[in-house]
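Residue-level structural notes
Listed below, chain by chain, are the residues.
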Amino acid sequence: MKDSDSPMESLRTVSEKPTEPGVLARAVGTLGQFTLSAGRSIFSMLGGMSLLLGKATSYTTKGLLVPGQRIGRNALIAQMVRVGVRAVPIVILIQLAIGMILPLQMFPKLDEFGQSEQIATINAIAGFRELGPLMTAVVLCGFAGASIAAELGTMATAEEIEALQVSGLNPVRFLVVPRLLATIIMTIMLTVIADIVMVASGMFTAVKLGIDPDIYFQLTTEALDLSGFATGLVKAAVFGLLIGLIACFLGLSVKPWQGSAGVGQATTKTVVYCIVAIITADAVFTLVFYSYGLFD
Amino acid sequence: MAAETKKKPVIEIRQMVKSFGSQRVLDGINLQVYPGEIMVIIGGSGCGKSTLLRHLIGSLIPDEGSVKLFGQDITTMSENELNEVRKRLGILFQSGALFNSLTVGENVALLLQEHTNLDEPTIDIMVKIKLELVGLRRHSDKMPAQLSGGMKKRAGLARAIALDPQILFYDEPSAGLDPVTSAQVDQLIIDLTRKLRVTSVVVTHEMDSAFTIADRMCMLDRGRILKIGSRQEFEALRDSEPDKLQSQQDKLVRQFLRGDAHGPITDRKLTRDYEDDLLMVSLKHQT
Ligand SMILES: Nc1ncnc2c1ncn2[C@@H]1O[C@H](COP(=O)(O)OP(=O)(O)OP(=O)(O)O)[C@@H](O)[C@H]1O
Ligand SMILES: [Mg+2]
């Protein structure tokens, strides 16, 4: 039967025997192509984002310095409310949980060495340097990043961006600058909230574990030098900038003919890229701060 | 309009070519529009009318050829120079393209706030006047999403005329409007042109509206201009006997103007490439 000449048979024999080299070659080929195109798109994206950042910076400085070119204060406030205020409860919730998780996990080990009150130090350092900015930024990837990308993408599909352009209104000045500033400011402000909530929650947990609140408070303030607080806020600012920049770039990259599918893609991409960018930036920061001895 | 031809054109397109990928959408367009006239561009869906308009407002740059507005070539301009020219243009997009985060009134006010030094009270009055012109004064505080399709179009028109432009571009102004509103928009286009000496370029599918407003007409087909002429010439062509027409082009235009279901336009769609296409499908599925 296998030698049959009928086309149906020959088709079946082919499909029954998976041709390994073909599949492998194809897989390698696909992977190679994927890597190439991914590499290319990452470069063009980085290029585009740098360009966007450059333009946004120039419009911002002009807006601050040149009288006629002011930044729309109403637009900025509207964006800050949109980006930040809705995220406050979530940030508080997450930091309440983390402020509890860390002491509970550390307590048994530290107690063995009779150092249980050092929970305060760990909580303060981890919170202010790392988890406050990081968690805030991750939450804002969804709240700010996704909503900005979706909004700008929708505007692009509705010809609104084009309408702005041909009305002589620059989309970067008009749309990107207020959103970028709003994400930066709100990431910093929410980080401050996140820091405070985490310390408070940690203190509450520690007290429940039998640690003296006065000692906890004292150790926290000792652990918290200016540099820890400041590096955390610098991080927050950069995270906010990354979120705003990626979201604006991907949102504005949606082409009118891509329709709602394009908007959906841009939104998803924004969340993923934002998280990747934030973690990468965090690693770079940590390395730099570490090698400059800012962690002593 | 014999007198018009002696004036210098406000819009002058020369040998314009534009391709998207392998598809040549505009293929050697030559077109002049003179001050104070209404030029109506007609043509089948997808023939490149909106694309042509996009080149006239500088949001697309042609692959070849030049586009001159007010005697200046906009294809070689810097963004800043282009923006200066754009302040003298008004554009009504096919979809309206209102800014959805602003109310109708704010949409109209935005350009006045950004491009003029007028104070707020003056701007408020201007906005009221423009909205009254399109019959939307009472809807000033609505968001675009709360408007019907026709209202969006009229709001877009109010925004387009906010800065008292010298050239107005309309992409299908009366599509989706009821007959009365549509006639009002037609009248508005005529009034603006006659009273304010605005030059208008109107893309439309509505033949009634085209014949009502046009001074001159131009028919686009497959990226080329089939015919340019005065309204009277087009009317004569529409009412002519098909046997008396010499050129194939005139026959095509005639069918389009009359909206006949049968004729040269429909005939050429059933050409061999349809059969080839079907053949390709069956071949593809055999292997
Ligand atoms: N940005 C673009 N990228 C690729 N192709 C495009 C683009 N814009 C338009 N086209 C193609 O160009 C052709 C002309 O499109 P255009 O929108 O100008 O048509 P139109 O004459 O305005 O049609 P309608 O009357 O339906 O509005 C179409 O085939 C369209 O698919
Ligand atoms: Mg169109």
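This structure is a prediction, so every number in the text was calculated from the model and none was measured. (Residues numbered from 1 in each chain as written. Chains lettered and ligands numbered in written order. Predicted model: local features only at pLDDT ≥ 70, side-chain atom pairs only at ≥ 80, totals over all residues. Heavy atoms only, no water.)

**Quick word on the overall build of chain B**
Summing up its helical and strand segments, chain B has 11 helices and 10 strands in all. With respect to the principal axes defined by its C-alpha atoms, chain B has extents near 70 × 55 × 40 Å. Classification of the 287 residues of chain B by burial places 51% in the buried group. Taking contacts inside chain B between residues at least 6 apart in sequence as the whole, the part at least 24 apart equals 62%. (Helix = DSSP H or I, 4+ residues; strand = E, 2+ residues; numbered from the N terminus. Buried < 20%, exposed > 50% of the residue type's maximum accessible area, 1.4 Å probe, protein only. Contact = heavy atoms within 4.5 Å.)

**Concerning helix α1 (residues 49-56) of chain B**
Residues and elements named next belong to chain B. Counting buried residues in α1 gives 7 out of 8 residues, a clear majority hidden from the surface. Every buried residue of α1 is accounted for by K49, S50, T51, L52, L53, H55 and L56. Directly after α1, the chain includes G58, whose backbone phi takes a positive value near 75°.

**Focus on the pattern of salt bridges**
Considering all chains together, one arrives at 23 salt bridges over all chains under this definition. A salt bridge links R173 of chain A to E114 of chain B; its shortest N-O distance comes to 2.9 Å. Here the residue R173 of chain A occupies a position in helix α7 (residues 171-208), and E114 of chain B occupies one in helix α3 (residues 104-115), the pair thus bridging two chains. With a closest N to O distance of 3.2 Å, R24 of chain B and D27 of chain B form a salt bridge. (Salt bridge = Lys/Arg side-chain N within 4 Å of Asp/Glu carboxyl O.)

**Digging into the nonpolar core**
Counting residues in hydrophobic clusters, the biggest one holds 89 residues, and the most contacted among them are I11 and F169 of chain B. L136, A160, M207 and L237 of chain B belong to the second largest nonpolar core, which has 48 residues in total. (Core = buried A, V, L, I, M, F, W, Y, C linked by side-chain atoms within 4.5 Å.)

**Description of the confidence of the model for chain B**
Any residue range with low pLDDT should be treated as having predicted coordinates unsuitable for detailed reading. Residue and element names in this part refer to chain B. On average, chain B scores 87 in pLDDT, and the residues at 70 or more come to 96%. Highest mean pLDDT in chain B belongs to strand β8 (residues 199-203) (94); lowest belongs to helix α10 (residues 264-269) (75). Long-range and interchain partners of residues 1-5, a stretch whose pLDDT sits below 50, account for 5 contacts in this model, where long-range means more than four residues apart. Scored as a complex, the prediction yields pTM 0.79 and ipTM 0.78. (pLDDT = per-residue confidence, 0-100.)

**Observations regarding a negative patch on the surface**
A cluster of acidic residues, D273, E275, D276 and D277 of chain B, forms a negative patch at the surface. Its location among the elements puts E275 of chain B in helix α11 (residues 272-286). (Patch = residues over 30% accessible without salt bridge, like charges linked within 9 Å, V, L, I, M, F, W, Y side chains within 5 Å. Areas by Shrake-Rupley, 256 points an atom, 1.4 Å probe, with all protein chains shown as cover. Lys, Arg positive; Asp, Glu negative; His and termini not counted. Charge placed at Lys NZ, Arg CZ, Asp CG, Glu CD.)

**A closer look at the interface of chain B and chain A**
The interface of chain B with chain A comprises 18 residues on the first partner and 13 residues on the second. Both faces considered, chain B and chain A share a buried interface measuring about 1,400 Å² in area, 55% of it formed by carbon and sulfur atoms. Linking chain B to chain A there are 7 residue pairs in polar contact (both at pLDDT 80 or more). Mapped onto the side of chain B that touches chain A, the elements with two or more residues apiece are α2 (79-86) and α3 of chain B. Taken together, the residues of the side of chain B that touches chain A sort by class into 8 nonpolar, 6 polar and 4 charged. (Buried area = accessible area lost by both parts, 1.4 Å probe. Polar contact = N/O pair within 3.5 Å; in protein donor to acceptor, adjacent residues only side chain to side chain. Nonpolar A, V, L, I, M, F, W, Y, C, P; charged D, E, K, R; others polar.)

**Some details on the sheet that holds strand β6 (residues 89-92) of chain B**
All names here are of chain B. A sheet is described by the order of its strands in space; here 6 strands give the open sequence β6-β7-β8-β3-β9-β10, paired in mixed fashion. Since the sheet does not close on itself, it has two edges, and those belong to β6 and β10 (224-230), each with one partner. The sheet shows a mean angle of 15° between the axes of neighbouring strands, direction not considered. Of the strand pairs in this sheet, strand β7 (residues 167-171) and β8 are connected by 5 bridges, and their pairing is parallel. (Pairing = 2+ DSSP bridges. Axes fitted to C-alpha atoms, helices over the stretch in contact; angles between N-to-C directions.)

**What to know about the site of ligand 1**
Residues and elements named next belong to chain B. Ligand 1 sits among 15 residues. The nearest are S45, G46, K49, S50 and T51. One of the backbone N or O atoms of C47 is found 3.2 Å from an oxygen atom in ligand 1. Taking T51, its side chain carries an N or O atom lying 2.5 Å from an oxygen atom of ligand 1. The greatest single-element share of the shell around ligand 1, amounting to 3 residues, is contributed by α1. Across the shell around ligand 1, the residue classes tally to 4 nonpolar, 9 polar and 2 charged. (Near = heavy atom within 4 Å.)

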